[in-house]
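# What the coordinates show
Spelled out, the chains give:
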Amino acid sequence: YPQAIAAYDRAIALLPPDAVPAAAQLAFLRGSAKEQAGDWPGAEIDLRRSVELAEKNPIYLNYLGYSLLDRGKSLKEARDLIARAYAVSPENGAIIDSMGWAEHLMGNYAEAVRLLETARSAEPADPTVADHLGDALWKAGRRIEARHAWASAAALSPDPKLAAMIQKKLDFGLDVAL
């Protein structure tokens, strides 16, 4: 990631002032590289810049919104960013998942389940979507369905960290696993 960030720095420095779409894309790419490298403060600056320059780009809006959700920061702002992405791209499974996850984190479990079931249909091979659905189902009191969703997520070969958390949920339920 450090090499990618340095390359994006050079590319941004070469942009003419009127190259707004390219500036937005490079800010987004550098921000996502910084986020992956563990530099959230730097990433947030670039991601916000990409949204500022391309305020209707659903990918930029969703990435910033989900990143905020993932860190438990500014839940209302995160939900608003994701809602803007959803309004532009309502069929995108990743955006529907983010919208459902935002509703879950805000305690709107019935709406979260509705959205996450739609996301699961759109992204059937994504273990994170299945895991999110399991969590929302659990909070909505639908424990058997939650365990089914988690088992499905586990079968989709999630990364090791997510796999360990899913196994805890299957073994002990959401409340104990968290």
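Residues numbered from 1 in each chain as written. Predicted model: local features only at pLDDT ≥ 70, side-chain atom pairs only at ≥ 80, totals over all residues. Heavy atoms only, no water.

## Details of the packing of aromatic side chains
The following threshold applies: Stacked, edge-to-face and tilted are the three classes for Phe, Tyr and Trp ring pairs, Trp counted by its six-membered ring, which pair at centre distances within 6.5 Å; planes under 30 degrees apart are stacked, over 60 edge-to-face, the rest tilted. Strands here are runs of E lasting at least two residues and helices are runs of H or I lasting at least four, both read from the DSSP assignment and numbered beginning at the N terminus. Exposure classes here rest on a 1.4 Å probe applied to the protein chains alone. A residue is buried below 20% of its type maximum, exposed above 50%, and partly exposed in between. The rule is short: NZ of Lys or CZ of Arg within 6 Å of the ring centre and within 35 degrees of the ring normal puts a charge over the ring.
This model, assessed by the stated rule, comprises three aromatic pairs. Their ring planes at 25 degrees and their centres at 4.7 Å tell us that F28 and Y60 sit as a pair that is stacked. Residue F28 is found in helix α2 (residues 20–37), and its partner Y60 is found in helix α4 (residues 58–70); the two are separated by 32 residues along the sequence. Here F28 falls in the buried class, since its relative accessible area comes to 11%. Ring centres of F28 and Y63 lie 5.3 Å apart, and the angle between their planes is 85 degrees; on these two criteria the pair is classed as edge-to-face. Of this pair, F28 sits in helix α2 while Y63 sits in helix α4, placing them 35 residues apart in sequence. One aromatic cluster in this structure is built from F28, Y60 and Y63. Its guanidinium or amino end placed over the ring of W40, R71 lies 4.1 Å from that ring's centre, counting from NZ or CZ.

## Observations regarding the side chain of K169
With respect to the helices, strands and loops of the structure, K169 is situated in helix α10 (residues 160–172). The exposure class assigned to K169 is buried, which follows from its relative accessible area of 2%.

## A short note on the packing of helix α8 (residues 127–139) against α10
Our working rule: Helix axes are fitted only over the stretch in contact, all axes being lines through C-alpha atoms; the angle between N-to-C directions runs from 0 to 180 degrees. Roughly parallel covers angles under 35 degrees, roughly antiparallel covers those over 145, roughly perpendicular covers 65 to 115, and oblique covers all other angles. Here is the rule for handedness: rotate from the far helix to the near one, and if that takes an anticlockwise turn smaller than a right angle the crossing is left-handed, while a clockwise turn gives right-handed. Contacts between residues were defined by any pair of non-hydrogen atoms, one from each residue, lying within 4.5 Å. Following the grouping adopted for this structure description, the nonpolar residues are Ala, Val, Leu, Ile, Met, Phe, Trp, Tyr, Cys and Pro, the charged ones are Asp, Glu, Lys and Arg, and the polar ones are all others, Gly among them.
Two elements in contact, α8 and α10, have axes whose closest approach is 11 Å; the angle formed by their N-to-C orientations is 30 degrees. In this view, α8 runs roughly parallel relative to α10, as classed from their interaxial angle. Note on packing geometry: the crossing formed by α8 with α10 is left-handed. Residues P127, T128, D131 and D135 of α8 form the contact with α10, whose own contacting residues are L162, I166 and K169. Looking at the contact of α8 with α10, its residues break down into three nonpolar, one polar and three charged.

## A few points about helix α5 (residues 75–88)
As a reminder of what qualifies: How far a helix is expected to stretch is found by multiplying one less than its residue total by 1.5 Å.
Between the first and last C-alpha of α5 there are 20 Å, a value that for 14 residues agrees with the 20 Å anticipated at 1.5 Å per step. Contact partners of the buried residues in α5: α3 (40–53), α4 and α6 (93–105).

## Digging into the pattern of salt bridges
In plain terms, the rule: Put simply, a salt bridge is a Lys or Arg side-chain nitrogen that is within 4 Å of an Asp or Glu carboxyl oxygen.
Tallied over the full model, the rule gives 15 salt bridges. The residue K34 makes a salt bridge to D46 at a minimum N-O spacing of 3.1 Å. You can see K34 sitting in helix α2 and its partner D46 sitting in helix α3, a full 12 residues away along the chain. What makes K34 buried here is its relative accessible area of 15%. Across the pair R142 and E117 runs a salt bridge, and its minimum N-O distance is 3.4 Å. Of this pair, R142 sits in the loop between α8 and α9 (143–155) while E117 sits in helix α7 (residues 109–122), placing them 25 residues apart in sequence. Note on R142: relative accessible area 30%, which makes it partly exposed.

## Some remarks on the nonpolar core
Filter applied, for reference: Nine residue types can take part in a nonpolar core, namely buried Ala, Val, Leu, Ile, Met, Phe, Trp, Tyr and Cys, and a core is a set of them joined through side-chain atoms within 4.5 Å.
Counting residues in hydrophobic clusters, the biggest one holds 23 residues, and the most contacted among them are W40, V51, L64, L68, L69 and L81. Setting aside its immediate chain neighbours within four residues, L64 contacts W40, L47, R48, V51 and L81. Counting 15 residues, the second largest nonpolar core, distinct from the first, contains A112, L116, A153 and L174.

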